[in-house]
Amino acid sequence: MDRNRLGEETSPYLLQHRDNPVHWQAWGEEALAAAAAADKPILLSIGYAACHWCHVMAHESFENPVIAAAMNENFINIKVDREERPDLDAIYQHALALLGEQGGWPLTMFLTPQGEPFWGGTYFPPEPRWGRPGFPQVLAGIGAAYRSDKDKVQQNVAALRQALQRLGRPEPSPAGAGGGIDAAFLDRAAERLLREVDPLNGGIGTAPKFPQCGIFEMLWRAWRRTRLAPYRDAVARTLTTICQGGIYDHLGGGFARYATDARWLVPHFEKMLYDNAELVDLLTLVWQETRDPVYAQRVAETVGWLECEMTAGEGGFASSLDADSEHEEGKFYVWSAAEIDAVLGERAELFKRFYDVSAGGNWEGHNILNRLGHPALAAAATEAELAECRALLLAARAARVRPGLDDKVLADWNGLMIAALARAAQAFARTDWLALAERCFAFVRDHMTGADGRLLHSWRGGRARHPASVDDYADLCRAALALHEATGNSAYLDQAREWVAVLDGHYWDTEAGGYFFAAADTAGLIARAKTAADAAVPAGNGTMVGVLARLAILTGNEAYRRRGEEILAAFSGEAARNFFPLATLLNNAELLHKPTQVVLVGARGDAALAALREAADQASLPNRILLTLTPDAALPPGHPAFGKGLVNGKPAAYVCDGPVCSLPIVDPQDLIAALGAIR
């Protein structure tokens, strides 16, 4: 291990480090064997391409030949892209938390040659700073401890090993909690979450602020159930402020990962595929009821950004855009007043007034474009002029040095975006968005499946690699079912069923229920995590509850519904103790227990059927399951709409609540009214 081997990798993040003087290795059997042979501890560094502090530590320490020499002398150095190996990241982030440290990236962990952790941290400066030890001092101390105090190292290893084994065993429901995730539980949870919403700016808490789409979907669902205005207002205020804040790129489209302030003005400028997928999904759902033109505009602009900047391979979507360009965070996105004047000329004053541009700037002497002072759309003529101004500025911005693009394709993140596009395509009647979703799905299915028929997690440069997680399968099953609903193509339903069978065969916990994050045959893991807690992306177990709910109705196979109930039972204890990170699980529990089925019957191409379909797509119904049947198609005998069909030769709709279906509906306006009355 006398050289840097990252040049052999596909990850853009790993390739960023291929010229470091550090003898970096990728995670694998060879690197672990080298550590064992040399009896050296492993220095494990986990980050990702768009991570600002990862770049800082790389520049300060990993490019420093003196620090690199100390790393090479005393450690086997392994670099991991947390987006390629979320299974490894989850284990070692949890180990850091067990040590009493706050997690994050870059993650810096010290392991035995067997991969077991004994100490760690996140970012370390090159010299003592901010009350943190310098990285050279950390290296010297850990190296000395490993050589001369192995008993203490082994004590740490043993304690962490025991705690890490509990990753796959959520504690049972506490005594008296009952464990039931029913409507009353969901109402209590929503009421408690509402108290955490910033009443002025929206979002949860103060700064920093993340979009938290799962939580705000919970609040929107509570509005749909109860019709209590505070739930609706909290969601609308949050989405409007996000859409008009600096967290949104008002020139190129797309949302940054989070805001560093309470007002959503100052973003951490990286753009992630998964955030944008979740925001497109939530904006679509809320727009279906509010018809807010700002939401519609942001969805369209974000899909436009996706097409222009994030398409990779032959239809997959890239992972992220960096926060930095020219070693400066946000430089690509911010403006001076003089720059605006130079590009826009006489129009500059109008634009500066609407987008909060001043000579002194609104952030560290620069201007982050935002419309927090003008959240509502202006008159049509004014908005048209502002759109022309934005186009001119976007063209001028194109000449700047662009942030780095991480163009690897991740199965789970692409699944999130496919589902969001499919649903937005239905709501906004955009067949081009549906085609984009189908193209991406075909890419993942055709290029990210191994010879054994199982999914792989990551693709770049013609190579699909790394074992899939439960999130990959869950998000792609959800995407397949969204495409089935949008197109009526049964191949998508069949694919979802095949992937669920893989999950059941390789990921299911046969002792306690729920899906493990990694497959049983994933090599090199010191523990198998099992969780329903959402992290940066929705938890696969929570998503699977919704997938199984839909499959039970679409196929008539009650085994799917029972499996969904088993997942809820496995994590009901966690929900009783702390429901804050379980939004995806709770949202899909409502879908499992109270689905709204809309069955459309008619011949393909029939204009009357299309009108009913358009009406069905207008309602904001998070629990809707739509099934379109030809007149000769048959539902399973147990389905509440079994035997329903055309009415006097005309297409008809049936709205089913539990085991009871409505009378046939043939008028689109009547269908809109029927769906609008559902809670």
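Residues numbered from 1 in each chain as written. Predicted model: local features only at pLDDT ≥ 70, side-chain atom pairs only at ≥ 80, totals over all residues. Heavy atoms only, no water.

**So, the overall build of the chain**
Okay, so step 1: Counting its secondary structure elements, the chain contains 24 helices and 21 strands.
Okay, so step 2: A compact globule built from 679 residues would reach a C-alpha radius of gyration of about 26 Å, and the chain, at 26 Å, matches this within 12%.
Okay, so step 3: Expressed as a percentage of the 679 residues in the chain, the buried residues total 57%.
Okay, so step 4: Within the structure as shown, the chain displays about 26,000 Å² of accessible surface, and the carbon and sulfur contribution to it stands at 52%.
Okay, so step 5: In the chain, 64 side chains carry a positive charge and 84 a negative one; their mean positions are 3 Å apart. (Helix = DSSP H or I, 4+ residues; strand = E, 2+ residues; numbered from the N terminus. Rg over C-alpha atoms; globule rule 2.2 N^0.38 Å. Buried < 20%, exposed > 50% of the residue type's maximum accessible area, 1.4 Å probe, protein only. Areas by Shrake-Rupley, 256 points an atom, 1.4 Å probe, with all protein chains shown as cover. Lys, Arg positive; Asp, Glu negative; His and termini not counted. Charge placed at Lys NZ, Arg CZ, Asp CG, Glu CD.)

**Overview of the confidence of the model for the chain**
Okay, so step 1: For the chain, per-residue confidence averages 95 on the pLDDT scale, and residues scoring 70 or more make up 99% of the total.
Okay, so step 2: Scored below 50 in pLDDT, residues 175-179 makes 4 contacts in the model with residues more than four places away or belonging to other chains. (pLDDT = per-residue confidence, 0-100. Contact = heavy atoms within 4.5 Å.)

**Focus: the sheet that holds strand E14 (residues 405-406)**
Okay, so step 1: Taken together, 3 strands build an open sheet; the order of strands is E8-E11-E14 and the sheet is antiparallel. Taken across any chain shown, the strands that pair with only one partner, and hence form the sheet edges, are strand E8 (271-272) and E14.
Okay, so step 2: With 2 bridges connecting them, strand E11 (residues 320-321) and E14 associate as antiparallel partners. Paired with Leu321 across the bridge in E14 is Leu405. (Pairing = 2+ DSSP bridges.)

**Considering the pairing of strand E16 (residues 456-460)**
Okay, so step 1: Here strand E15 (residues 409-410) pairs with E16 via 2 bridges, running antiparallel. Looking at E16, one finds that Val409 is bridged to Trp459.
Okay, so step 2: With 4 bridges joining them, E16 and strand E17 (residues 463-467) adopt antiparallel strand pairing. Bridge pairing links Leu456 to Pro467 in E17.
Okay, so step 3: Between the antiparallel neighbours E16 and E17 lie 2 residues, among them Gly461 with a positive phi of about 60°.

**Some words on the pattern of salt bridges**
Two side chains of opposite charge can pair, provided their charged atoms sit close to one another.
Okay, so step 1: Applying the stated criterion across every chain yields a total of 48 salt bridges.
Okay, so step 2: Here Asp187 and Arg225 are joined by a salt bridge, their closest N and O atoms 2.9 Å apart. One end of the pair, Asp187, is in helix H8 (residues 183-194); the other, Arg225, is in helix H9 (residues 213-226), with 38 residues separating them in the sequence.
Okay, so step 3: Judged by relative accessible area, Asp187 falls into the partly exposed class, the value being 29%.
Okay, so step 4: Accessibility expressed as a relative area gives 16% for Arg225, which makes it buried.
Okay, so step 5: Counted as one network, the salt bridges with shared partners bring together Asp187, Glu217, Arg221, Arg225 and Glu590. (Salt bridge = Lys/Arg side-chain N within 4 Å of Asp/Glu carboxyl O.)

**Focus: the state of the cysteines**
Okay, so step 1: This structure, assessed with the given rule, holds 2 disulfides.
Okay, so step 2: Each disulfide pairs two cysteine sulfurs, and for Cys51 the partner residue is Cys54, the sulfurs being separated by 2.3 Å. Of note, the bridge from Cys51 to Cys54 carries an S-S torsion of about 80° and is right-handed in sense.
Okay, so step 3: Note on Cys51: relative accessible area 4%, which makes it buried.
Okay, so step 4: Note that Cys656 is cross-linked by a disulfide to Cys661, the S-S spacing being 2.0 Å. Of note, the bridge from Cys656 to Cys661 carries an S-S torsion of about 95° and is right-handed in sense.
Okay, so step 5: Given a relative accessible area of 17%, Cys661 falls into the buried group.
Okay, so step 6: When the cysteines of the chain that form disulfides are numbered from the N-terminus onward, they connect as 1-2, 3-4.
Okay, so step 7: Looking at Cys243, it has no disulfide partner, and the nearest cysteine sulfur is the one in Cys213, 10 Å off.
Okay, so step 8: Judged by relative accessible area, which is 1%, Cys243 ranks as buried. (Disulfide = S-S within 2.5 Å.)

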